[in-house]
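Chain by chain, the residues run as shown.
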Amino acid sequence: MKKILFVCLGNICRSPAAEGVFLDLIKKKNLEKQFIVDSAGTGDWHIGERPDKRMLQAAEKRNVELPSNARQIRQEDIEHFDLIIVMDNSNFKNVYPLASTEVQKRKIRKFTEFASQRGVDIVPDPYFGGQEGFEQVLDLVTDCSEGLLKYCLGFDEK
Ligand code: 4NP
């Protein structure tokens, strides 16, 4: 059993998308029982909210459900989850101080480490942009989810 927490700023765009896409991937591969998947934000502005409508729409077109309601990351999450997967450098900077041991610090990883192509550094924040940004986030989190799953199953050294 592996426990994975996806983290972004607001927990209404990127991390709920990552959570929904990863859940969809493991469902299709009949691996649901091997994972606990959740998402959280570093900020508190959207606590309790469903994902952004634009992200819900983009996900629906791909038949991907986004089950989350926004919540803020807590210190206990770092102990509870095996991997804390952040979307950008700012998320990393905000989450890192919550880790109190070396083991906990090593759990915090950028999602783009698992991208199929080199040179992809962050999952960009789509909140203040147009609909195409939401599509790009879904493309990128789909690619990174495949890499992350391989890593979790031990097929990929990273
Ligand atoms: P997310 O996007 O971090 O991908 O959920 C954002 C959502 C809300 C805000 C910023 C980014 N905001 O400023 O409220």
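Residues numbered from 1 in each chain as written. Predicted model: local features only at pLDDT ≥ 70, side-chain atom pairs only at ≥ 80, totals over all residues. Heavy atoms only, no water.

1. A few points about the side chain of D88
Okay, step 1: Its place among the elements puts D88 in the loop between β3 (83-86) and α4 (89-95).
Okay, step 2: Within polar-contact distance, the side chain of D88 engages the backbone nitrogen of N91 at 2.8 Å.
Okay, step 3: Once residues lying within four places of it in the same chain are set aside, the contact partners of D88 are R14, I122 and V123. (Helix = DSSP H or I, 4+ residues; strand = E, 2+ residues; numbered from the N terminus. Polar contact = N/O pair within 3.5 Å; in protein donor to acceptor, adjacent residues only side chain to side chain. Contact = heavy atoms within 4.5 Å.)

2. As for the sheet that holds strand β4 (residues 108-110)
Okay, step 1: Taken together, the 4 strands give an open sheet; going across it, the order is β2-β1-β3-β4, and neighbouring strands pair in parallel fashion. The open sheet terminates on both sides in strands that have one partner only, identified here as β2 (35-41) and β4. Strand-to-strand twist in this sheet, taken as the mean axis angle between neighbours without regard to direction, amounts to 25°.
Okay, step 2: Two elements, strand β1 (residues 2-8) and β3, share 4 bridges in a ladder whose sense is parallel. Counterpart to L5 in the pairing with β3 is I84.
Okay, step 3: Those strands touched by helix α1 (residues 14-28) are β1 and β2, and its axis lies near 170° from that of β2. (Pairing = 2+ DSSP bridges. Axes fitted to C-alpha atoms, helices over the stretch in contact; angles between N-to-C directions.)

3. Let's talk about the site of the ligand
Okay, step 1: For the ligand, the full set of nearby residues is C8, L9, G10, N11, I12, C13, R14, H46, D125, Y127 and F128.
Okay, step 2: Within the backbone of L9, one N or O atom sits 2.9 Å away from an oxygen atom of the ligand.
Okay, step 3: In this structure, I12 approaches the ligand through a main-chain N or O atom, which is 3.0 Å from an oxygen atom.
Okay, step 4: Within the complex, the protein chains bury 91% of what would otherwise be the 350 Å² of accessible surface of the ligand.
Okay, step 5: In terms of residue class, the shell around the ligand is made up of 6 nonpolar, 3 polar and 2 charged. (Near = heavy atom within 4 Å. Areas by Shrake-Rupley, 256 points an atom, 1.4 Å probe, with all protein chains shown as cover. Nonpolar A, V, L, I, M, F, W, Y, C, P; charged D, E, K, R; others polar.)

4. Digging into helix α6 (residues 131-152)
Okay, step 1: With 22 residues, α6 ought to run about 32 Å at 1.5 Å a step, and its terminal C-alpha atoms sit 31 Å apart, in line with that.
Okay, step 2: Once α6 finishes, G154 follows within two positions and takes phi at roughly 85°, a positive value. (Expected span 1.5 Å × (residues − 1).)

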